[in-house]
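Observations on the model geometry
So the chains spell out like this:
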Amino acid sequence: MSQAYFITGTDTDVGKTTVAAGLLHAARQAGMSTAAGKPVASGCDVTPKGLRNADALALLAECSVPLTYAQVNPVAFEPAIAPHLAAREAGVALTVQSLLSPMREVLALGADFTLIEGAGGWRVPLSGQDNLSDLAIALDLPVILVVGVRLGCISHALLTAEAIARDGLPLAGWVANIIDPATSRLEENLATLAERLPAPCLGRVARIQSVTAEAVAGHLQLDLLD
């Protein structure tokens, strides 16, 4: 039975792609076929083949189902700014409808394990009143939350979980990405998150010497997902 999830974070730069690539790698190690989508990405490099985003490339590298870059990341912007601002500067209409069809195509490939990765946190604006969270709602996907563990992360995590629940989507699991290992009372903070977040912790990713999908996969437990 195929599994598909929308992966989001408590903020930008909390390791969503690091965790997403690790989850995809773990699925591959378990003998599952994998696919992924990064519907919109800003902060892209100009290449002879067009704009390329490092996060989208990392996801593509962990897809066992044949996918083109454009299928994984249909909307790309060069400046590393909020997607709605990048879209406005580029004169692009960035709406849920413009992202829905290409992500449905990725899901329709029927991989055993598919991840659709958001940008930044849960309430990232698109255009008008559309948010990226509305795409997750339209796709009707359970959510995996990456918590960037540092001072203040508990409130960010709980508020994000509340917003996800209010939007009518289940929180399937969360991952503690320890981006500040010097966080005071680290274990106590992790215990509080485990106690208060209404989903299993799929693992904790500490600072590792070589941040590869394979290395991250070793810290994750896919079997805790429904």
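Definitions and cut-offs
- Residues numbered from 1 in each chain as written.
- Predicted model: local features only at pLDDT ≥ 70, side-chain atom pairs only at ≥ 80, totals over all residues.
- Heavy atoms only, no water.
- UniProt positions renumbered as here; feature names shortened; annotations may be inferred.
- Helix = DSSP H or I, 4+ residues; strand = E, 2+ residues; numbered from the N terminus.
- Contact = heavy atoms within 4.5 Å.
- Axes fitted to C-alpha atoms, helices over the stretch in contact; angles between N-to-C directions.
- Parallel < 35°, antiparallel > 145°, perpendicular 65-115°, else oblique.
- Left-handed = near helix turned anticlockwise from the far one by under 90°.
- Nonpolar A, V, L, I, M, F, W, Y, C, P; charged D, E, K, R; others polar.
- Buried < 20%, exposed > 50% of the residue type's maximum accessible area, 1.4 Å probe, protein only.
- Pairing = 2+ DSSP bridges.
- Right-handed = clockwise from strand over helix to strand, strands pointing away.

All right, on to the UniProt feature "binding site: substrate" (unreviewed entry) in the protein chain then. The UniProt record annotates "binding site: substrate" (unreviewed entry) at Ser42. Note that Ser42 resides in strand S3 (residues 40–42). Setting aside chain neighbours within four positions, we find Ser42 in contact with Asn53, Phe77, Pro79, Ala80, Ile81, Pro83 and Ala86.

Axes are the key here: two packed helices are described by the angle between their axes and the distance separating the axes. In the contact formed by helix H7 (residues 153–166) and helix H8 (residues 186–196), the axes pass within 10 Å of each other and the chain directions differ by 15 degrees. Considered as vectors, H7 and H8 are oriented roughly parallel to each other. Handedness of the H7/H8 crossing: right-handed. Residues Cys153, Ile154, Ala157 and Leu158 of H7 form the contact with H8, whose participating residues are Asn189, Thr192, Leu193 and Arg196. For the contact of H7 with H8, a count of residues per class yields 5 nonpolar, 2 polar and 1 charged.

Below, the discussion takes up the pairing of strand S9 (residues 171–177). A large share of S9 lies buried, amounting to 7 of its 7 residues. Alignment of strand S8 (residues 143–148) against S9, held across 6 bridges, turns out to be parallel. Of the residues in S9, the one forming a bridge with Val146 is Val175. Handedness of the β-α-β unit built from S8, H7 and S9 comes out right-handed. Across 4 bridges, the pairing between S9 and strand S10 (residues 201–205) is parallel. Looking across to S10, one finds that Trp174 is bridged to Cys201. This β-α-β element, S9 to H8 to S10, shows right-handed connectivity.

Looking now at the environment of Lys38. Along the polypeptide, Lys38 turns up in the loop between strand S2 (34–37) and S3. The exposure class of Lys38 is buried, given its relative accessible area of 4%. In this structure, the C-alpha to C-alpha distance between Lys38 and Leu109, residues 71 residues apart in sequence, is 15 Å.

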